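Structure at a glance
Spelled out, the chains give:
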Amino acid sequence: MKAMLNQKRIADGRKSTWVRFYRQYGHLFPLIIYGIFYIVCFAYLESKPMRNMHLIHMVVDDYIPFCEYFIIPYFLWFAYVAAAVVFFFFQDKGDYYRLCTFLFTGMTIFLAVSAIYPNGHLLRPVLVGREDTIFIRMVRFLYRTDTATNLFPSIHVYNSLATHFAITNSSYFENKKWIRTGSLILCISIILSTVFLKQHSMFDVLTAFGLAAVMHFAVYRRAAVAYPQTAEARPRF
């Protein structure tokens, strides 16, 4: 009898531990599930044969020079977005869910566009013959691992805007001007890197801005309209 009671206590303890964990960190599961979904879908789109590819190009693309130094902010994008998601995960569930809604919606639209309208570009320069600097080597690595297909809207641009909007609309950063300014500088640098590295056409950048503007209204401005008296609800850029 005593052994059965001990087993019951152990089972109840384990159950209560999982319940506490779920209540505290349950908002992690949508991120994991969507992350797996996105990676699988993106890998499939990147690997499948590209038939009837639509070339993306704007006249302005021909006037933008290649600059390998922009590889630094381009790669910083991964840390920028990930750091924001992790911070809001622990700091504020509301900001976290708003950021995830912003990110997941745009990334899903990107997958749908890539599946329905296969696209790519021919903007990348020939790197043979250029001085073999660390920046050129990093660009070569990028070109090897990321094909010049499935381009718009640019996820680098869109997710950078989503991250910056999340920071500027968070009450936590309201009085931390240096973080907001640093976020803006990094966001702009990442956006510029997409065209100066010839990863994207200006068309990809503009479509990302358009989609981000719609999502900014849906995620942040609607809250301000519904609750104009709430300081935290006021959208900030």
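Anyway, here's the lowdown on the structure attached to this text.

1. Some words on a nonpolar patch on the surface
A grouping of Phe29, Ile32, Ile33, Ile36 and Val40 is seen on the molecular surface, where their side chains present a nonpolar patch of about 480 Å² in accessible area. Among the structural elements, Val40 can be located in helix α2 (residues 28–47). Given a relative accessible area of 53%, Val40 falls into the exposed group.

2. Describing the nonpolar core
In this structure, Tyr38, Phe88, Leu99, Phe102, Leu103, Tyr158 and Leu161 are the most contacted members of the largest nonpolar core, which totals 40 residues. Those elements giving two or more residues to this core turn out to be α2, α3 (71–91), α4 (93–116), α6 (155–168), α7 (177–196) and α8 (202–226). The element contributing the most residues to this core is α4, with nine residues. When residues no more than four places from it in sequence are discounted, the contact partners of Leu103 are Val81, Val85, Tyr158, Asn159 and Ala162. Counting ten residues, the second-largest nonpolar core is a separate cluster that includes Leu127, Ile136, Leu142 and Leu197.

Rules behind the numbers
- Residues numbered from 1 in each chain as written.
- Predicted model: local features only at pLDDT ≥ 70, side-chain atom pairs only at ≥ 80, totals over all residues.
- Heavy atoms only, no water.
- Patch = residues over 30% accessible without salt bridge, like charges linked within 9 Å, V, L, I, M, F, W, Y side chains within 5 Å.
- Areas by Shrake-Rupley, 256 points an atom, 1.4 Å probe, with all protein chains shown as cover.
- Salt bridge = Lys/Arg side-chain N within 4 Å of Asp/Glu carboxyl O.
- Helix = DSSP H or I, 4+ residues; strand = E, 2+ residues; numbered from the N terminus.
- Buried < 20%, exposed > 50% of the residue type's maximum accessible area, 1.4 Å probe, protein only.
- Core = buried A, V, L, I, M, F, W, Y, C linked by side-chain atoms within 4.5 Å.
- Contact = heavy atoms within 4.5 Å.

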